[in-house]
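Structural features, examined
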Amino acid sequence: MVSPPSFCCELLTWCAVQHLARELAFKILASRYHPDLIVAIGRGGYVPARLVADYLQISQLTTIKIEHYTMGAQRRRWASIRYPLKVAIAGMKVLIVDDVNDTGETLALASKHLAMHNPRENRTAVLHHKTVSHLQPDFAARRIIKWRWLIYPWAVIEDLTGFLSRMDNRPTSPTKVVRRFERDYGIKVSLVMAQDLLDLLPRPGLPPAGGCFPG
């Protein structure tokens, strides 16, 4: 789903992420699926995968990187693998972990990529599953029925500077930034955060900071 210039967002806290990871891990435990290895989809899946690995008491953790969204929730035309799998997984039970299943394209690409390495079994897990997605993950902590853009604590600066950089009549003071984010995106940011965003906003003539979000 392509995000419009102004849309509903949810700003998640570290505490909320911890709770979601716990909920996700216990759903996996209840299913009696015991993976030999966890593969995090970078970059959004790094933290959730580590938290889930902790609950599942799995030390074997690796990653692949898939790019789908650029800075500020701008979607690429298609998902692509930037860094492929570098370890042998043949005959292993694998769990793929990401933060959110937005369109299904990232999980589908990850599953297809890992299947080429002949694992015994492949399953997918996310903190949030958006029901607009064409793909249903094997495990999800929460289902998102009413679409909104989720801002995780590890991507706050990246997302919000992206939003700010594309605003018409861009606010130039922290107070105005706070008001604009509440009006356009329904989220509350602190004055300290607002000042950070202004300080970190790319200057004219310089390439934007940040990278890509999984979807």
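In case you missed it, the structure is sitting above this.
Cut-offs applied
- Residues numbered from 1 in each chain as written.
- Predicted model: local features only at pLDDT ≥ 70, side-chain atom pairs only at ≥ 80, totals over all residues.
- Heavy atoms only, no water.
- Helix = DSSP H or I, 4+ residues; strand = E, 2+ residues; numbered from the N terminus.
- Buried < 20%, exposed > 50% of the residue type's maximum accessible area, 1.4 Å probe, protein only.
- Polar contact = N/O pair within 3.5 Å; in protein donor to acceptor, adjacent residues only side chain to side chain.
- Pairing = 2+ DSSP bridges.
- Axes fitted to C-alpha atoms, helices over the stretch in contact; angles between N-to-C directions.
- Parallel < 35°, antiparallel > 145°, perpendicular 65-115°, else oblique.
- Left-handed = near helix turned anticlockwise from the far one by under 90°.
- Contact = heavy atoms within 4.5 Å.
- Nonpolar A, V, L, I, M, F, W, Y, C, P; charged D, E, K, R; others polar.
- Core = buried A, V, L, I, M, F, W, Y, C linked by side-chain atoms within 4.5 Å.

1. Examining unusual backbone geometry
Residue R43 is reached from G42 by a cis peptide bond, and omega for that bond is 10 degrees. Structurally, R43 can be placed in the loop between β2 (37–42) and α2 (46–56).

2. Quick look at the environment of S59
With respect to the helices and strands, S59 occurs in the loop between α2 and β3 (61–70). For S59, a relative accessible area of 66% puts it in the exposed group. Among the polar contacts made by the side chain of S59, one reaches the side chain of Q60 at a distance of 3.4 Å.

3. Looking at the pairing of β2
The element β2 is extensively covered by neighbouring structure, given that six of its six residues are classed as buried. Burial along β2 is two-sided: L37, V39 and I41 and I38, A40 and G42, pointing in opposite directions, are all buried. As paired elements, β2 and strand β5 (residues 93–101) share four bridges and run parallel to each other. By the bridge assignment for β5, L37 is matched with V94.

4. Regarding the packing of helix α1 (residues 14–31) against α2
Where α1 meets α2, the axes come as close as 9 Å, and the angle between the chain directions of the two elements is 50 degrees. Here α1 is positioned oblique relative to α2, judged by the angle of their axes. Two packed elements cross with a definite hand, and for α1 against α2 that hand is right-handed. For the pair formed by α1 and α2, the contact residues are W14, V17, Q18, A21, R22, L24, A25, F26, I28 and L29 on the first element and V47, L51, V52, Y55 and L56 on the second. Of the residues assigned to the contact of α1 with α2, the class counts are 13 nonpolar, one polar and one charged.

5. Structural notes on the nonpolar core
Inside soluble globular proteins, nonpolar side chains tend to come together where they are buried. Judged by nonpolar contacts, the single largest core of 25 residues is most densely connected at L24, I28, I38, L56 and L95. Counting residues per element, the ones that place at least two in this core are α1, β2, α2, β5, β6 (121–130) and β7 (139–144). When residues of this core are assigned to their parent elements, the largest contribution, six residues, is made by α1. Each residue touching L24, except ones within four places of it in the same chain, is listed here: V52, A125, V126, L127, F139, A140 and A141. Counting residues in each nonpolar core, the second largest holds 20 residues, with W149, I151, F181 and Y185 among its members.

By themselves, these are just geometric observations and shouldn't be taken as functional.
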